[in-house]
Amino acid sequence: MTYSKKEVAKLIEKLLAYGLKNQMIGVEDIIYLRNQLMDLLDIPQPWGDRHIPLDHDIPGTATPILEKILDYAAEEGIIPDNSLVYRDLLDSKIMGIITPWPSQVIDRFNKIKESQGIKEATDYFYNLCQKSDYIRVNRIIKNKEWSFDSNYGTFKITINLTKPEKDPRDIAAEKKAPQIGYPQCALCPENVGYAGRVNHPARQNHRILPVELAGEKWYFQYSPYVYYNEHCIVLNEAHVPMKLNRKTFQRLFDFIESFPHYFIGSNADLPIVGGSILNHDHFQGGSYTFPMEKAPIEYNLTSKKYSKVKAGVLNWPMSTLRLVSHDSHVLVDLADQILDLWRDYSDPEVDILCQSLDKEGQVIPHNTITPIARKNENGLYELDLVFRNNRTSSQYPLGIFHPHPEIHHIKKENIGLIEVMGLFILPGRLQKELSQIIEFLTGKATLDREMLSSKDHPLHIHSRWIKDLLDKHGSHNNEEEAQTIIQNAVGQKCEQVLKDAGVFKCDEGGRHAFNKFLASAGFII
C-alpha cells in the first residue's frame, strides 16, 4: 500500500500519542519529538490537527504504526531495500527518538525501587522494553511452543521464530559491509543507542541499568528475544571473556540479594558446553520456573565440613548437584571448592578427562560447571551445579557430551544454560519441516522414499526419522493426532539431548562414577 506524506504525518501523531499513553514521553516533549520524526521521514509539515486523542485507536504495541511508516520509507527510498534488516534499522531509530534517555530510565527505575520495591521496578523496565519495541512482542508471539512429559518432568519446547531467516539481499549486503570492531560484541554497553549496520542490530531503543556485583560494575538488561518471562542478561562493564571462579558465585548471590524474585545462572566458560557468546562475561536470569527447578532430589548427601548445607543429586539427565542453605557465603565457599576439584578431576572409565594437549602441545582444559542460583519457596539460597565436559573424539567430533549425530537434525547447537534447565530453543527451520512431515502422517502428501534418500531433498536431514515415524504410526492420522505424534517425537529427541550432554549417566555405572567424585569432594552418600 502506498502512503502519502500527509498520511505519514498523521502516523507520526499516532506514534507520539502512543508514547504519551505509555509514559515514554511527556507533553512538553511533543513539539521537539515531532520535528525529529518529521526530519527523519522527510515530512515537510505536521498533520493538520496535530493531536491524536489518547483513547482513540492507539495499538498495544508500536508495530502496526511502524509497519505503515516502514512501507512509506521503502517507497520513498529512505531505506535502500525493503528487507527485514533495513526495516529493523529504521524502526529502531524511530523508536529510539521516543524512548526515554538512559539517565531518565535509570532515575525512574531507582525511584520506583525505593518507593514500591524491586519487583515493581523490574515490571516498569520490562514494560518499557516491550513498549519501545526493543523486545519485539509481535514476533515473539509467533514462536511455536509446547510441553513434553519426559521421564524427568515436563520439558518446555520452543521453535524460535523471533529471528526470521535472512533475506538473500541482506546476506549479500553483510558480505560487502566493512568489518567494524565497534561495538566489540552484541553485549557490550556501547550497544546502547548504537545506530546499527547490516551486520549488527540497531539499538537506539536499547536501555541498560547499572548494578554492582562483587564490588564491580555490571549492567542489567532484558534480552530482545525473550525466550522466557522477563529473560534478562547481566553483563560485565568490560569486554572480558567468560571465566568461572569464586567471584562468579559471589556475583550470582549478590544479584539474588538485589533481585530476589529472579533466578540467575551462568553458561559454562568453555567451547561446546558454553553459550553462543564466550567473549563477554555475562549471566542470564529472569522470572521463570524451569523444569529443572521442579526436579526432585534423587538422593541426599551430607558433608561434615559444610553441615549448614543441605545437598542432593537431582533426578535430572544432566549431572546436577543441588546445594541449599540460609547462608549464601557458605554456598560460595563450597561451590568454589567443588569447581576447583572438578577442574582437575578425571575418570577415564566414563570418558572424563580434565585436560588434553593440542597439536602444539598446549594444555586444553575440559571440565567446567553451569551454575544456577535462586531463592527457593522457603526463602533459602539454592545453587545448582551442573557438571560439564567438552572433550571430543573421532566418534563424536562435536563433543562426547554434546548432542550426538542422530539428534543433529533437531538440535546441533551448544547446550547452554537454558536447555540445561529443560527449555529447548529449536531452530526456526523446523516450523516448515515439521509441517511437511505432518502431511506425510495424515496422508495429505505421499512420501517418495527414494527421493527422500537424495541429499538434495529438503527433508533429507530427517529421512531416517520420517521413515521410523511412518513405520510406527502410518499415514492415516488426523491433524491433531499427527501434531501430537510430532511433538512427542521431538520431545523424545530433546530428552536424549540432555542424556547425551550428561557427564555422569543416569544408570548404575554413571551414578557410581558420580558418587566417586562427590566422595572426593567430602560428601557422604
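This text follows the structure it describes.
A quick note: this is a predicted structure, and the numbers were derived from the prediction, not measured.

Definitions and cut-offs
- Residues numbered from 1 in each chain as written.
- Predicted model: local features only at pLDDT ≥ 70, side-chain atom pairs only at ≥ 80, totals over all residues.
- Heavy atoms only, no water.
- Buried < 20%, exposed > 50% of the residue type's maximum accessible area, 1.4 Å probe, protein only.
- Helix = DSSP H or I, 4+ residues; strand = E, 2+ residues; numbered from the N terminus.
- Pairing = 2+ DSSP bridges.
- Axes fitted to C-alpha atoms, helices over the stretch in contact; angles between N-to-C directions.
- Contact = heavy atoms within 4.5 Å.
- Phe/Tyr/Trp six-rings, centres within 6.5 Å; stacked < 30°, edge-to-face > 60°.
- Parallel < 35°, antiparallel > 145°, perpendicular 65-115°, else oblique.
- Left-handed = near helix turned anticlockwise from the far one by under 90°.
- Nonpolar A, V, L, I, M, F, W, Y, C, P; charged D, E, K, R; others polar.
- 1 Å grid on protein atoms, 1.4 Å probe; cavity = no way out; pocket = protein on both sides within 12 Å on 5 of 7 lines; lining within 4 Å.
- Points joined across faces, edges and corners; volume = space filled by probe spheres on them.

*Asks:* Looking at this structure, I do not really get the pairing of strand E14 (residues 381-389). What am I missing?
*Replies:* Looking down a regular strand, the side chains alternate between one sheet face and the other. The buried count for E14 comes to nine of nine residues, which makes it a mostly enclosed element. Burial along E14 is two-sided: the face carrying Tyr381, Leu383, Leu385, Phe387 and Asn389 and the face carrying Glu382, Asp384, Val386 and Arg388 are both buried. Relative to E14, strand E13 (residues 367-375) runs antiparallel, the two sharing nine bridges. Bridge pairing in E14 links Ile372 to Asp384. Linking two consecutive strands that pair antiparallel, namely E13 and E14, is a turn of five residues; a positive phi of about 80 degrees is found at Gly379 within it.

*Asks:* Hey, could you run me through the sheet that holds strand E15 (residues 423-426) in this one?
*Replies:* Adjacent strands of a sheet form backbone hydrogen bonds with each other and so pair up, either parallel or antiparallel. On the basis of which strands lie adjacent, the open sheet formed by three strands has the order E1-E2-E15 and mixed pairing. Edge strands, defined here as strands with exactly one partner in the open sheet, are strand E1 (144-150) and E15. Shown here is a sheet whose adjacent strand axes are inclined to one another by a mean of 25 degrees, direction ignored. Of the strand pairs in this sheet, strand E2 (residues 153-159) and E15 are connected by four bridges, and their pairing is parallel. Each bridged residue has a counterpart across the sheet, and for Ile159 the counterpart in E15 is Leu426. Each of E1, E2 and E15 is contacted by helix H13 (residues 429-442), which is oriented at about 105 degrees to E2, the strand it contacts most. Those strands touched by helix H16 (residues 479-501) are E1, E2 and E15, and its axis lies near 65 degrees from that of E1.

*Asks:* How do you make sense of the packing of aromatic side chains when you look at a structure like this?
*Replies:* The description of two aromatic rings rests on the distance between their centres and on the angle between their planes. With the rule as written, the count across this model stands at 28 aromatic pairs. Relative to Tyr222, the ring of Phe125 has its centre 5.4 Å away and its plane inclined at 40 degrees; by these criteria the two rings are tilted. Remark: Tyr222 occurs in strand E4 (residues 216-222) and Phe125 occurs in helix H6 (residues 118-131); sequence separation between them is 97 residues. Between Tyr228 and Tyr288, the aromatic rings sit 5.6 Å apart at their centres with planes inclined by 35 degrees, giving tilted as the arrangement. In this pair, Tyr228 is assigned in the loop between E4 and strand E5 (232-236) and Tyr288 in the loop between strand E7 (282-286) and helix H10 (291-294), connecting sequence segments 60 residues apart. Given the relative accessible area of 24%, Tyr288 is considered partly exposed. Ring pairs connect the aromatic residues Phe109, Phe125, Tyr126, Phe220, Tyr222, Phe255, Phe259 and Tyr262, which therefore count as one cluster.

*Asks:* How should the packing of helix H1 (residues 5-21) against helix H4 (residues 84-98) be read in this particular structure?
*Replies:* A pair of packed helices is captured by two measures, namely the crossing angle of their axes and the spacing between those axes. Packing of H1 against H4 leaves a shortest axis separation of 10 Å and a crossing angle of 50 degrees. As the angle between them shows, H1 and H4 are arranged oblique. The handedness of the crossing between H1 and H4 is right-handed. Here Leu15, Leu16, Tyr18 and Gly19 of H1 come into contact with H4, specifically with Ile94, Met95 and Ile98. Here the contact of H1 with H4 is built from residues that sort into six nonpolar, one polar and no charged.

*Asks:* It is not clear to me how the layout of surface pockets should be interpreted in this structure. Could you clarify?
*Replies:* Gaps left between atoms show up when a probe the size of a water molecule is rolled over them. Here the second largest pocket defines a volume of roughly 630 Å³. Together, 29 residues line the second largest pocket, and Ile97, Ile98, Thr99, Pro100 and Trp101 are the ones closest to its centre. Elements supplying a minimum of two residues to the lining of the second largest pocket: helix H2 (30-41), H4, helix H5 (102-115) and H6. Here the residues of the lining of the second largest pocket sort into 13 nonpolar, 10 polar and six charged.

Shape is all these values report; function is a separate question.
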